[in-house]
2 protein chains.
Amino acid sequence: MSDDATAFVPGHITGFFSAHPDDDASLAGSRGAGVTLSQGVAVTVESASESRVRLDGEDVSMPPVEDVLDSLDVTATVRAETDLPLGAGFGVSGAMSLGTALAANAVFSCKRSENDLITLAHEAEVRAGTGLGDVVAQARGGIPIRVEPGAPAHGTMDGIPARPRIEYVAFGGLSTAEILSGDTTALTAAGEAALEHIRDEPTLDRFMQESRQFARDAGLLTERVESAIGDVADAGGSAAMAMLGETVFAVGTGLSDAGYDPVVCDVHPAGATLNHE
Amino acid sequence: MSDDATAFVPGHITGFFSAHPDDDASLAGSRGAGVTLSQGVAVTVESASESRVRLDGEDVSMPPVEDVLDSLDVTATVRAETDLPLGAGFGVSGAMSLGTALAANAVFSCKRSENDLITLAHEAEVRAGTGLGDVVAQARGGIPIRVEPGAPAHGTMDGIPARPRIEYVAFGGLSTAEILSGDTTALTAAGEAALEHIRDEPTLDRFMQESRQFARDAGLLTERVESAIGDVADAGGSAAMAMLGETVFAVGTGLSDAGYDPVVCDVHPAGATLNHE
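Residues numbered from 1 in each chain as written. Chains lettered and ligands numbered in written order. Predicted model: local features only at pLDDT ≥ 70, side-chain atom pairs only at ≥ 80, totals over all residues. Heavy atoms only, no water.

*Asks:* Would you mind showing me how to read the interface of chain A and chain B here?
*Replies:* As a measure of interface size, the accessible area lost when the parts come together is often cited. Contact residues are listed per partner, giving 29 residues for chain A and 29 residues for chain B. Between chain A and chain B, a total of about 2500 Å² is buried, with carbon and sulfur atoms accounting for 50% of that surface. Inspection of the chain A/chain B interface yields four salt bridges. The shortest N-O distance in the salt bridge between Arg140(A) and Glu114(B) comes to 2.6 Å. Applying the counting criterion to the chain A and chain B interface returns 16 residue pairs in polar contact (both at pLDDT 80 or more). Among the elements of the structure, helix H2 (92–107), helix H3 (114–128), strand S7 (156–159) and strand S12 (273–274) of chain A are those that each provide at least two residues to the side of chain A that touches chain B. In terms of residue class, the side of chain A that touches chain B is built from eleven nonpolar, eight polar and ten charged. (Contact = heavy atoms within 4.5 Å. Buried area = accessible area lost by both parts, 1.4 Å probe. Salt bridge = Lys/Arg side-chain N within 4 Å of Asp/Glu carboxyl O. Polar contact = N/O pair within 3.5 Å; in protein donor to acceptor, adjacent residues only side chain to side chain. Helix = DSSP H or I, 4+ residues; strand = E, 2+ residues; numbered from the N terminus. Nonpolar A, V, L, I, M, F, W, Y, C, P; charged D, E, K, R; others polar.)

*Asks:* Sorry, what's going on with the packing of aromatic side chains here?
*Replies:* Aromatic ring pairs are reported here in terms of the distance separating the ring centres and the angle at which the planes meet. By the definition in use, this model includes eight aromatic pairs over all chains. Between Phe16(B) and Phe207(B), the ring centres sit 6.3 Å apart and the planes meet at 45°, which makes this aromatic pair tilted. Linking Phe16(B) in strand S1 (residues 4–20) with Phe207(B) in helix H7 (residues 204–217), this pair joins segments that are 191 residues apart in sequence. Residue classification places Phe207(B) among the buried positions, given a relative accessible area of 0%. Summarising the aromatic geometry, the rings of Phe207(B) and Phe249(B) are spaced 6.3 Å apart at their centres and angled 40° between planes, so their arrangement reads as tilted. Linking Phe207(B) in helix H7 with Phe249(B) in strand S10 (residues 245–251), this pair joins segments that are 42 residues apart in sequence. The burial state of Phe207(B) is the same as that of Phe249(B); both residues are buried. Ring pairs connect the aromatic residues Phe16(A), Phe207(A) and Phe249(A), which therefore count as one cluster. (Phe/Tyr/Trp six-rings, centres within 6.5 Å; stacked < 30°, edge-to-face > 60°. Buried < 20%, exposed > 50% of the residue type's maximum accessible area, 1.4 Å probe, protein only.)

*Asks:* What is the right way to look at helix H6 (residues 185–200) of chain B in this model?
*Replies:* Within an α-helix, residues lying three or four positions from one another point in the same direction, as the helix has 3.6 residues per turn. Residues and elements named next belong to chain B. Helix length check: H6 (16 residues) gives 23 Å between terminal C-alpha atoms against 22 Å at 1.5 Å per residue, within 8%. If you check which residues of H6 are buried, you get Leu-187, Thr-188, Ala-190, Gly-191, Ala-194, Leu-195 and Ile-198. Buried residues of H6, seen end-on, are gathered within an arc of 160° and therefore sit on one face of the element. Turned more than 90 degrees off the buried face of H6, the exposed positions are Thr-185, Glu-196 and Asp-200. (Expected span 1.5 Å × (residues − 1). Arc of directions from axis to C-beta.)

*Asks:* Help me understand the sheet that holds S10(B) in this model?
*Replies:* Strand pairing in a sheet takes place through backbone hydrogen bonds and is either antiparallel or parallel in direction. All names here are of chain B. Sheet architecture is open: four strands sit in the order S9-S10-S8-S11, paired in antiparallel fashion. Each edge of the open sheet carries a strand with a single partner, namely strand S9 (239–241) and strand S11 (263–266). When strand polarity is set aside, the average angle formed by the axes of neighbouring strands in this sheet is 30°. Taken together, the seven bridges between strand S8 (residues 165–173) and S10 define a ladder with antiparallel strand orientation. From the neighbouring strand, Gly-172 faces S10, where its bridge partner is Glu-246. Contacting S9 and S10, H7 crosses the sheet at an angle of about 45° to S9. Along the sheet face, helix H8 (residues 223–234) touches S8, S9 and S10 and points at about 10° away from the line of S10. (Pairing = 2+ DSSP bridges. Axes fitted to C-alpha atoms, helices over the stretch in contact; angles between N-to-C directions.)

Okay, structure coming up:
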């Protein structure tokens, strides 16, 4: 048992998805595709007599993180640090849940496997209604395709072999919980169609194209997002909307070329990992 | 279509395994566990009228690499560079096959998914008799547990959540093809037992302990390897034998502490990836 341990979990932007709820949280999840980012969340766990969760230096209420600690039957101080925007579709709560699982396992010698820890974090996210597919994508890295929903024992993953530079602009947040608890019929039909197309042609270009189409078909585009995507297209680039946030992301220099002042990062080559011992 | 592309594939040391041959190369494979290494193979693919494979500046015959190019229906010059010892249990042929698949897909716009490319490389290794489990482990990174054998559509992976420093000393090679084509009954029984134990307790300590036990039970220890493992234990460390090579690896500073002059690297956090665009 060490005093503390830190895990890094990449951010994750979903381009398109379909929702697959289930009473069993390990079976629930989403199909879809997204990009993991070199920007992410560093999560440090330290043993404490009472659990406490801090994000960028402030106390926060984060039910899925508390759920993960409960599942491992430990109490700890969890400190998360991130440069990612909050509530804007970057998977910060998934990253905090997964990072907590990995770091707490190391601190408390819980002897769980990576799949077990991913499962705990995935189930916690599903139960809290904060996400359906971020955790399994963040555990994998790269540009993950969620072929079948659910935790590792049930879900199936594939990936698009590419490592482009990614730019993004975050205008603001959208409530994941609100959208996922509403009528998701149109969204799921659009997501299923996009997934079929990306499996036929698992390329970066096609991923961006299907993501744009999805946002349109699912009725999730806001005015600011639609306008930025159009600006990038006018400048010869390719952009789409992050699910679920009022965020536009582009490959290469798409947003810069269109005159925006984006955050620049890369596709992250690895899934969530403990920091080097 | 680009002129050339480069992929990096981590080295892979298997600690224990059981062999699971099958006439269908995508079903064939091995169960077991190992560590992927920050040392690996950089594979560059460039379009050419006739295929040619070079390793560290010399022409080599590498049937699984040629098989991968044939499967993608392309001809290319493949240039591999590595600091890993050859034929000593580091998965260099698996790395070359997988790196070729990833880089060739990028150069020739083959539009295959990551699972498709891993499958091509895995099948090529199985057909050539050069490996059964390296490719799927190298595609994953970390400390992979091969729970079920085979390519991604059939196999199941898990992992041990740890990122220690790794040291190794390579005394020489053992023939993978020779051992895998002989009687593997004792080896497979020992490998299955080790896998059951590591699944009960997926920790680094247990992995090293099971790997040592496996080498002994499978009758693969050579005198030099047995003596080095003993020296590390006497110095308070934990070492095991790489399958299949006359190579000893240790966690942390195990070999240094025992007076050896090992190569030092780390567990690689990522699976095989294209270089950044």
